[in-house]
Each structure stands twice: as structure tokens, then as C-alpha cells.
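Residue-level structure breakdown
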Amino acid sequence: MKIIPNNLTKWDQSEDPLAPLTACQKDCLLRLEDELFSESTLETKETGDTVTTSKEDTKSIQIERYQDLLEHYASLEKKCMDKKDTKYILYLNELEARRHECHALCLQIEEVMEDLTTLFQQYSEVSDKTTSLYNASEQLDSDQRKLNATIENITEYVKYFKDIDLMMEKLEAPTLSVNSEMFFNILDKIDTNIDFVQSNPSFKESNTYLIKYKHCQSKAISMIQNYVFNLFSKTTESILNLRDSDDSQDNADAALALFYGRFQTILSKVRPVIEQVEVKSYKRQEYDSLLSECHQYYWSQRGLVLGTSVQKSLMSIKEKYNGDHCSLVRNSCALLLHASMDEYKLFYEFFTKPSSGLTTYLESLCTSLYDMLRPFIIHINHLETLAEICCILRIEMLDEHVHNNFEPLEGFGNICLQLLHDVQERLVFRAHLYLQSDVLNYNPSPGDLAYPDKLKMMEDIAESIREETRQTNMKKISVSSNDDNFIEPISRNHIVMDSIYQKTHMGNSPADLHGMWYPTVRRTLVCLSRLYRCVDRSVFQSLSQEAISLCVQSIENARQEIEKRTSTLDAELFQIKHLLILREQIAPFQVDFTIKEYSLDFSKVKTAAFGLLEKSSRLFTLSNNALLEFLLEGAPQMKEQLIDSRKYVNNKMKYTCQRLIQHATFILIHPILKLLDKEKSYVNTTNVDKSHEHFLGSPQDVAAVISEVLRIIKFRCPEIQQLMQLYLSNKETEFILFRPVKNNVCAAFTQLYQILSKYYNAEELLLIACPLPEQISVILSSSSLVHGKSTQNVVQKT
């Protein structure tokens, strides 16, 4: 412990110090010392003390121990710190003074708050008393308002009950006019009061007052009804009296003024009342019933006015057009059409609310038209007249007038539709009879069956007319040409004119003329054309199928008669010609010629009956009962069959063309066909491999047969083609029909050549000289060319 103080004294010795300081550290100490002395001087000056410290005093301090050093350092440090904190101490003292002031102020505020609390308590007591007084006043005011409202409501409600006496008094007044503003106001008030009483059934005596108001309403409605009915009836009486006493109604203008002008004079009196009724009819059933009664009474009065006049007008039209059914129907319908339009306009001048009864009234007005025309219609036998009447009713009346003015003319359209159905029914009935009598059972005259004479005669007449026309044109050309240089152009014109004549001849052949058709074909097509416009599609399809089948049957009957009179070829061509006409003429009809036919098939009944006989032992057995099996299996079956008239005509024509082809082939090569048949029979009865005799005949005989056939082809082939041209007058059809004939002839010669090659040697074949198929084709073509030259001689001359 003693060593430590000794060491402390030696820390900064000049010689061998224990803790020597560097020059820099020494310099810092000196600076610190100067700084301390300077600060102490300044602080001393600030405090005003005259303390002076000199270096001598400092040096007088003796520091012998480290304790002294520490104490001296501590004292210096304290002085230094006190000097630095002086300003903070002064500020702290200032804050302490302010804190004391704030504390005093807080004490004053607490005293004030206590005073305010006492004041607020006093204010709350006063405010509560004031609020209770205000609420009591408000409640009294609200109660007063409620009482006033209740008084007003009671007064308003009592008004509905007090008005009944005033209304009854007004309605009983003799000076009250229905067509007045006062009466209309009474009606509105009655409706309003009735609505109020009905909506408040809980009020005392509400049911009693409702009955009273209903009574007032009935009274008012009765007054309106009497008023309107009296005006209508008086107007009707004036018209009837004037019409009976004066003959001026014969004039159309006078009749129009009488029948419609008189009613229009009361329009200003009736119209306002009816408007009130119509407005109220949408809400109340009573007024709707009143409006319906007004409608009915109006129509009854108009019926009295117009009924007799319409009947008289119809009778005059009937007398005027007696025998002219079409004019009778047209003018009668026109009369009722205009009457319906006028009645429709007059009705809506009085009323605005639509009514379904108007159509019924107009239809009843037009019933006289139906009653007058129907007896005539059911006795008309002429199809043209019935068809014309159908067109008048359907096109002129229904399509043109009723369709464009449906509402005014609905009743008239219903009557026209009934008449149209009656006419169509009569037309269908007469068409059935007509097809049976004048088509199927037609008895042709000799002139109807004079084929081909009538065609040749018409052809000669047409040819002579064309020749005269051609010569006349040539003379005109020759007269107008004075120069020989025009010879060549004239020859060209000649050729052109001849070609035109030829085309005209081909397009307008006598076979194509309507008048040259067989009567049943013409009648059938005319009948179908009339029915097509007049009857419904389904009815027309059924009738067309019947008409076409009967027409085809009549053509078949005529063919048989022509075959007896002339030849089979003419008969076949006649049938083909008219079947082609029939097929061409029914093509434009835009309907389906297919109909369904139902029939019962009893084939299973026979089988089941035989089975029943075989199972007679099981007739009364419980299992496998034969009688029950018969009833189940033997029931007739319903069969549905589709019949197409177009296909029927096509099949009939196809069958006829095949017969024509076979017959024409037989005409041209029937000797060869006999040889072929002989060869077939020989093959069937003889062994060909063992026999080589000339069963067809000697080569000379076969050659003669072939020569005969070639001669027939040369002379008959042009005749056949000429007949085809005369009947058909269509090169395409002629070619289609003649080509199978040509093919059959070539096939027959081919078959004959093969048979001859089989049974004859080369020398015999040379002697027979059977032509080849190519040669036969050339021969047939040359025969056609010869025929063509004879028909085109004009062209060859040029």
C-alpha cells in the first residue's frame, strides 16, 4: 500500500518516470489548464465578484498525497460544473416559479367548476320542467288536430249518406232531362257513393244505404233506357209511316236519306247519353247490360226499317234478272254488301264500343239473300253457271270485298260462305253426274270416230290456206319488183317463207287444235279447269282422279270403236294422241293427283274359316279355343292404297305405246315373225343336232318371204310414219315411237340371219340374199327419206 503513493509521485519524474507523457499529451494538459483559468475568470466577472486567482496562489497549494490531488481535482471539477450549469439552474428556478403560479390557477379553476356544476344542476331542473310543459302542449295540439281531422272525416263520410235524399229528389223531378249536365253529374255521384259504401262495409247502415243507391242507379238506368228507346222507336215509326204514305223510296237517294238520314237527325240527342253509358260500362255490369239492351233495341228497330225494303229490293232484282243467274247473284250480293257497309257505319256513329252482336245482326239482315238464292242454286244443272257463281262468291265478294273490309262485312261474308259451300256442293254433284253421263257413257257420233278422215280433211284445208297465202305473198313481191336483179333475193325469201310455213305446219297441226280433240277429253279438261278455281284442293283431287279415270276409260272405248271402223294402227295412235293431250293439260294444275283409297281384305277370313272347320273339336274348350282364334285371326284387314292419276295416265300411255310398237312391227315383218315362230316350234319338238332339213322351206321360198317383207317395208313404213305425223304432229314423239319399231325390225332380221346361217349353206344363203341389220337400217332410213321428200316438196323446188 505504501508503494502506490510512491509510484504516483514518480509517474512524471524528469528522470525515469513511471508513466511518461508524450509531447502531445503535455500540450493537451496545458491547453486544458488555460481553458480552465479562462472560464473561471469569465464566470467571476459575470457574478460580479472580485476574486482573483493568481498563479502564485495556485502554486501555494501543496499536493503531497494522491488524496489531495483527488480532492483538489474534485473541487475543481465541481467548480467547473457549477459554472456550466448556472444558466440551467436559473431556468429551473424560473420553471419552479411558473409551476407555483399554475398550481394557484388550478385551484381557482376548481372553485369555478364547482360553481358551474351547481349552476348546471339548477339549469337541468328548470329545463326538465320546461320540456315537460312543451310536451304537454304538443300533445294537446296533436289531440286537437286529430279531433279536427276526425270531425272532417265524419263530415265527409256523412256527406255520402246525406246525398241520398237529394239525389232521390232530383231524380223524381219532372223537369230533369236525361241529356243534361246535371243528370250526368248525378250519375257520377251515384257511382262515387256506391263505391264508397261498398269499400266501407263496417260503417253503420252501409248495406241499407247501398240498397238505396242501387235503387237510384236503377232509376237512372231506367230513365236512360226509356229515353234512348223512345228516340229509336219514334224515328222508326216516322220512317215506316213516311215510307207507307210516299212512294219516293223507289229512288235510291231518297231511300238512303229516309233510312239513314232520319236516324242521323237524332244523333245529337242520343250520342252524349250513349257515351256516358259506354264509359261506365267498362266498370259496372249494370251499364254494360244497359248498353247491350240498347244495341239489341237499335238492331231490332233497324231490322224493322230495312228488313222489308231489302226483301222488296231482292225481289225486284230477281224479277229483273230472271234466267240470268250470274247477274242475279252479283247484283243481289252487291245490294246486301252496300247495306252491310252502311249499317256498320251508322252503328258506329251511335256507338263506339265494339259488339259481337253487330255481326249477328248483319248476318240476319243478309239471311234474306241466302233464302232467295239457295232455291235457284240447288236447281242449276249447268256446270259453267255454277262455276261462274263460285267465282263471283269467292273472288269478287269474299276475296275482293270481305277480305279487305272484314269487320263491316263479316256477317255478309258468312252468308256468302254458306252460299259458296252450297254452290260447291251442287257443282260437285253435277260434276259427278256430268262425268258419268257425258264422259264415261258418252255415245260418240260417226263424226267423232271418223279417224283419220277428219284429220286428213283438216290437213288439206290448212295446206290449201297456206298455199293461197304463200302465192299471195309471192305476187306482192313480184309486183313490187321491177328489176331482174331482184330474182335472187326473191328466191331466198321464197326459201325462208317455205321454212316458216313448214314450222307453222308442225306447230299448228289439226291434231293440236282444241276443236279436234275427242269430246270426252275436251269436256273432262274443261270440267277440271272450272272445278280447279271453284272447289277446295282436297275435293278437286278426288274429282280429278275420278274424271281422269273416266276420261281414260272413254278414250279406251273410242279406241275400240275406231279399231272396228278403220284399223288398229289408227286406234292406237288415236289413244296415244289423246293420252298425250290429257297428260299435258293436267300438268299445270298445282295439286297432288294422289288420293288414298281404303278397302277391306277378307283373305284371312277364308283361311280362318277353314281352320275353324278343321278345329271343330275345340270349339268349346277353355284353352286353345278355336272360335276365339277365328275371331282374332279372321278379322278383315283395312288396306290403304294410293292412286296417282298422273301415273295412271302415264302407265296407260306406256302400255298403249307398247301395243302400237308391237302392231307396227307386226305390220312390217309379219312374214319373218312367222318364220321365227316356226323355228321356235321346231326347236321345241325336234332334236336339232340330228336333223338338218329345210323346215323353214326351200331357199327360194325364204327368199320370196324376205322380198315380200322388203316390199312391205318400202310401202308401209312411209304410211306408218305419215299416220304418226298426222296424229301426233311432233317429230320428237314420232322418233321416240318409231325407233323401237326400227330396232325390232333390225333385231328380227338379225335373228333370222343367225337361223339361216345355222340351217343353210353358203350357196343357199346367197340365193336367199337375207340383208344384214345395217342394210335393213339403211332401207328403213331410205323409206323415211322418201316420205320426207313428199312432205317437203317446196324446199326441193328451190
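Look up a bit, the structure's there.
Report on the accompanying structure. Keep in mind that what you see is a predicted model, and the values were worked out from it rather than measured. Sequence order as written defines residue numbering, which begins from 1 separately in each chain. Confidence filtering applies because this is a predicted model: local features only for residues at pLDDT of at least 70, side-chain atom pairs given and counted only at 80 or more, and all residues used for totals across whole chains, interfaces and linings. The basis for the side-chain values is all heavy atoms of the structure; hydrogens and waters are excluded.

So, the overall build of the protein chain
- When helices and strands are tallied, the protein chain shows 27 helices and two strands.
- In the protein chain, buried positions account for 35% of the 798 residues.
- Contacts: residue pairs with any heavy atoms within 4.5 Å of one another. Contacts spanning at least 24 positions in sequence make up 78% of the contacts within the protein chain whose residues lie at least 6 apart. Counting from the N terminus, the helices are the DSSP runs of H or I reaching at least four residues and the strands are the DSSP runs of E reaching at least two. In this scheme, a residue with accessible area under 20% of its type's maximum is buried, one over 50% is exposed, and one in between is partly exposed, where area comes from a 1.4 Å probe on protein chains only.

Observations concerning unusual backbone geometry
- Cis geometry marks the peptide bond from Y451 to P452, where omega comes out at 5°.
- Relative to the elements of secondary structure, P452 occurs in the loop between α14 (410–440) and α15 (453–480).
- Look at E205: it is not a glycine, yet its phi comes out positive at around 65°.
- Within the element layout of this structure, E205 appears in the loop between α6 (181–199) and α7 (206–245).
- You will see that A769, though not glycine, has its phi angle at about 60°, which is positive.
- Within the secondary structure, A769 is located in the loop between α25 (762–768) and α26 (773–791).

With respect to the packing of aromatic side chains
- Pairing of aromatic side chains here covers Phe, Tyr and the six-membered ring of Trp, requires ring centres within 6.5 Å, and sorts the geometry by plane angle: under 30 degrees stacked, over 60 edge-to-face, intermediate tilted. Evaluation of the coordinates by the stated rule reveals 21 aromatic pairs.
- Where Y298 meets F350, the ring centres are 5.7 Å apart and the plane angle is 50°; that geometry is what we call tilted. Of this pair, Y298 sits in helix α10 (residues 285–320) while F350 sits in helix α11 (residues 325–350), and the two are 52 residues apart along the sequence. As far as burial versus exposure is concerned, Y298 and F350 are alike and both buried.
- Here the aromatic cluster, defined as three or more aromatic residues joined through ring pairs, consists of F232, F263, Y298, W299, Y344, F347, Y348, F350, F351 and Y361.

Remarks on empty space enclosed by the protein
- Points on a 1 Å grid, built from protein atoms alone, make a cavity when a 1.4 Å probe fits but cannot get out and make a pocket when they are open with protein on both sides within 12 Å along at least 5 of 7 lines; residues with an atom within 4 Å of a point are the lining residues. Grid points are joined across faces, edges and corners, and a volume is the space filled by probe spheres set on the points. With the rule as written, the count across this model stands at one cavity of 30 Å³ or more.
- There is about 30 Å³ of room inside the largest cavity.
- As for the largest cavity, its lining consists of K318, Y321, N322, G323, D324, H325, L328 and F376.
- Under the scheme applied, nonpolar residues are Ala, Val, Leu, Ile, Met, Phe, Trp, Tyr, Cys and Pro; charged residues are Asp, Glu, Lys and Arg; polar residues are all the others, including Gly. Looking at the lining of the largest cavity residue by residue, the classes come out as three nonpolar, three polar and two charged.

Describing the packing of helix α17 (residues 519–534) against helix α19 (residues 568–586)
- A fitted line through C-alpha atoms represents every axis, and for helices the fit uses only the stretch in contact; the resulting angles, taken between N-to-C directions, go from 0 to 180 degrees. Two elements in contact, α17 and α19, have axes whose closest approach is 11 Å; the angle formed by their N-to-C orientations is 10°. One way to sum up the angle between α17 and α19 is to call them roughly parallel. Facing V521, L525 and L528 of α17, the residues of α19 in contact are H578, I581, L582, Q585 and I586.
- Looking at the contact of α17 with α19 residue by residue, the class counts come to six nonpolar, two polar and no charged. In this scheme, roughly parallel covers angles under 35 degrees and roughly antiparallel covers those over 145, while 65 to 115 is roughly perpendicular and the rest are oblique.

Observations concerning a negative patch on the surface
- Taken together, E110, E111, E114 and D115 make up a surface patch of like negative charges.
- Assignment of secondary structure puts E111 in helix α5 (residues 86–172). By definition, no residue in a patch forms a salt bridge, and every one has over 30% relative accessible area; like charges are joined within 9 Å, nonpolar side chains (Val, Leu, Ile, Met, Phe, Trp, Tyr) within 5 Å. We get accessible surface area from the Shrake-Rupley algorithm with a probe of 1.4 Å; when it comes to residues, only the shown protein chains can shield them. Salt bridge, as applied in this entry: a Lys or Arg side-chain nitrogen positioned within 4 Å of an Asp or Glu carboxyl oxygen. As used throughout, the charge tally considers Lys and Arg to be positive and Asp and Glu to be negative, leaving His and the chain termini uncounted. Charge positions come from single atoms, namely NZ of Lys, CZ of Arg, CG of Asp or CD of Glu.

Regarding the pattern of salt bridges
- Applying the stated rule across the entire model yields 28 salt bridges.
- Among the ionic pairs, K189 bridges to D163, the shortest N-O distance being 4.0 Å. Of this pair, K189 sits in helix α6 while D163 sits in helix α5, and the two are 26 residues apart along the sequence.
- Between R330 and E396 there is a salt bridge, with the nearest N and O atoms lying 3.1 Å from each other. Taken together, the residues R330 in helix α11 and E396 in helix α13 (residues 383–402) connect sequence positions 66 residues apart.
- Connected through salt bridges with shared partners, the residues E556, R559, E563, E572, K652 and R659 form a single ionic network.

What about the side chain of D570?
- On the secondary structure map, D570 appears in helix α19.
- Buried and unpaired, D570 has K456 as its nearest opposite-charge partner, separated by 6.8 Å.
- A distance of 2.6 Å separates a polar atom in the side chain of D570 from a polar atom in the side chain of S567.
- Contact partners of D570, with chain neighbours within four places excluded, come to P452, I562, L723 and Y727. Think of a polar contact as two N or O atoms within 3.5 Å of one another; within protein, one of them needs to be a possible hydrogen donor and the other a possible acceptor, and neighboring residues in sequence only count if both atoms come from side chains.

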